[in-house]
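Commentary on secondary and tertiary structure
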Amino acid sequence: MSPLFIANWKMQLSDVASVALAQEARALAHDAVTLVLCPSFNALADVAVAIAGSDIALGAQDCAWEERGALTGEVSPEDLKQLGCTYVLVGHSERRRELGETDALVGKKLRAACAAGLMPVLCVGEDAAERAAGKRGAVIARQCSAGFDAVADLRPSEILVAYEPVWAIGTGVSAAPEDAAAAAVSIAALAASHDIHARVLYGGSVDADSVGAFMARKEIAGVLVGTASQTATGLRDMIVALQAVT
Ligand code: 13P
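Here's a quick rundown of the structure.

Cut-offs used in this document
- Residue numbering note: each chain is counted from 1, following its sequence as written.
- Totals for whole chains, interfaces and linings use every residue, but because this is a predicted model, local features are given only for residues with pLDDT of at least 70 and side-chain atom pairs only at 80 or more, for both listing and counting.
- The side-chain figures draw on all heavy atoms in the structure; neither hydrogens nor water molecules are used.
- Centres within 6.5 Å make a pair out of two Phe, Tyr or Trp rings, where for Trp the six-membered ring is used; the pair is then stacked when the planes are under 30 degrees apart, edge-to-face when over 60, and tilted otherwise.
- For the purposes of this entry, the term helix denotes a DSSP run of H or I that reaches at least four residues, the term strand denotes a run of E that reaches at least two, and both are numbered from the N terminus.
- Burial status follows relative accessibility: with a 1.4 Å probe on protein chains alone, a residue under 20% of its type maximum counts as buried, one over 50% as exposed, and anything between as partly exposed.
- Two conditions define a charge located above a ring, namely a distance within 6 Å from the ring centre to NZ of Lys or CZ of Arg, and an angle within 35 degrees of the ring normal.
- The cutoff for a nearby residue is simple: one of its non-hydrogen atoms must lie within 4 Å of the molecule or strand.
- Any pair of nitrogen or oxygen atoms within 3.5 Å is treated as a polar contact; in protein, a donor-acceptor pairing is required on top of that, and neighbouring residues in sequence qualify only through side-chain atoms on both sides.
- We get accessible surface area from the Shrake-Rupley algorithm with a probe of 1.4 Å; when it comes to residues, only the shown protein chains can shield them.
- Under the grouping applied here, Gly and all other residues not named as nonpolar or charged are polar, the nonpolar ones being Ala, Val, Leu, Ile, Met, Phe, Trp, Tyr, Cys and Pro and the charged ones Asp, Glu, Lys and Arg.
- The axes used here are C-alpha line fits, helices contributing only the stretch in contact, and every angle between their N-to-C directions lies in the interval 0 to 180 degrees.
- Left-handed is the label given to a crossing in which the near helix is rotated counterclockwise from the far helix by less than a right angle, and right-handed is the label when the rotation is clockwise.
- Any two residues having at least one pair of non-hydrogen atoms within 4.5 Å are treated as being in contact.

Some points on the packing of aromatic side chains
One pass over the structure, following the stated rule, counts 2 aromatic pairs. With 4.3 Å between their ring centres and 10 degrees between their planes, Tyr202 and Phe214 make a pair best called stacked. Taken as a pair, Tyr202 in strand β7 (residues 198–203) and Phe214 in helix α9 (residues 211–215) lie far apart in primary sequence, 12 residues in all. For the pair formed by Tyr202 and Phe214, the shared burial category is buried. Clustering of aromatic rings is evident, with ring pairs tying together Tyr163, Tyr202 and Phe214. One Lys or Arg, Arg131, reaches over the ring of Trp167 and ends 3.7 Å from the middle of that ring.

Overview of the site of the ligand
By nearness alone, 13 residues border the ligand, and Lys10, His92, Gly170, Ser205 and Thr227 come closest of all. Between Glu164 and the ligand, the recorded distance is 3.0 Å, taken from a side-chain N or O atom to an oxygen atom. One of the backbone N or O atoms of Gly170 is found 2.7 Å from an oxygen atom in the ligand. About the coverage of the ligand: the protein hides 98% of its 310 Å² of free accessible area. Considering only residue class, the shell around the ligand consists of 4 nonpolar, 7 polar and 2 charged.

Digging into the packing of helix α7 (residues 136–151) against helix α8 (residues 177–193)
Between α7 and α8, the shortest axis-to-axis distance is 10 Å and the interhelical angle comes to 35 degrees. In this structure, the crossing between α7 and α8 has a hand that is right-handed. On α8, the residues that touch Arg136, Ile140, Ala141, Cys144, Ser145 and Phe148 of α7 are Asp179, Ala182, Ala183, Ile187, Leu190 and Ala191. Taken together, the residues that form the contact of α7 with α8 break down as 9 nonpolar, 1 polar and 2 charged.

This is a description of form; function is not addressed.
Right under this line is the structure:
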């Protein structure tokens, strides 16, 4: 299975810039890498057009926890599917931290995403204080369990979990690949105990120099990348680096 490279463009790019980068990605895309672009909501429709007919997949950065309802400002997972999304991030630490998203809410989003037929990417990871207190395992287990409990009865064939330590996001300091691999093992085991097959990604300051070390770990199925995916040069270097390790 080719490594998964999910590009999270966060709120960094306008619609025009997102389309331009998607066109670059299209020119660079390679069989050796499964590339998923996650532009902001406003750019999803135009990026869908830019990658139509290619092997590049579209993902959203979040979704609502209900299929439909009086939820001002929210975006239905059903509508994301209609727009051409096949993936959706849920529980990104920026949303947990900045918007107060709880494990319970993230679990409901995970459920809504699965019910809509989207491939969810459940984002988990400890912050710097939790890391310093030796709570990494406990935090990951709590976040994952809340998600897995919420979807177990839907029997999803597979879900993706991104281990993204908060202290590694946007800092230029990534986790050690052996620590990320250890987290991936415990996440996969916890998922299996819920009868769920999880593939685990690593995210947090991954770049073209570090991606090879993460992909060398068989426990890690791919990477979720912010900064290094948000420019044409960064994307190209990442794709070249991933091709070299497959
Ligand atoms: P960076 O790659 O910029 O650290 O961001 C990681 C991330 O948050 C991806 O979701």
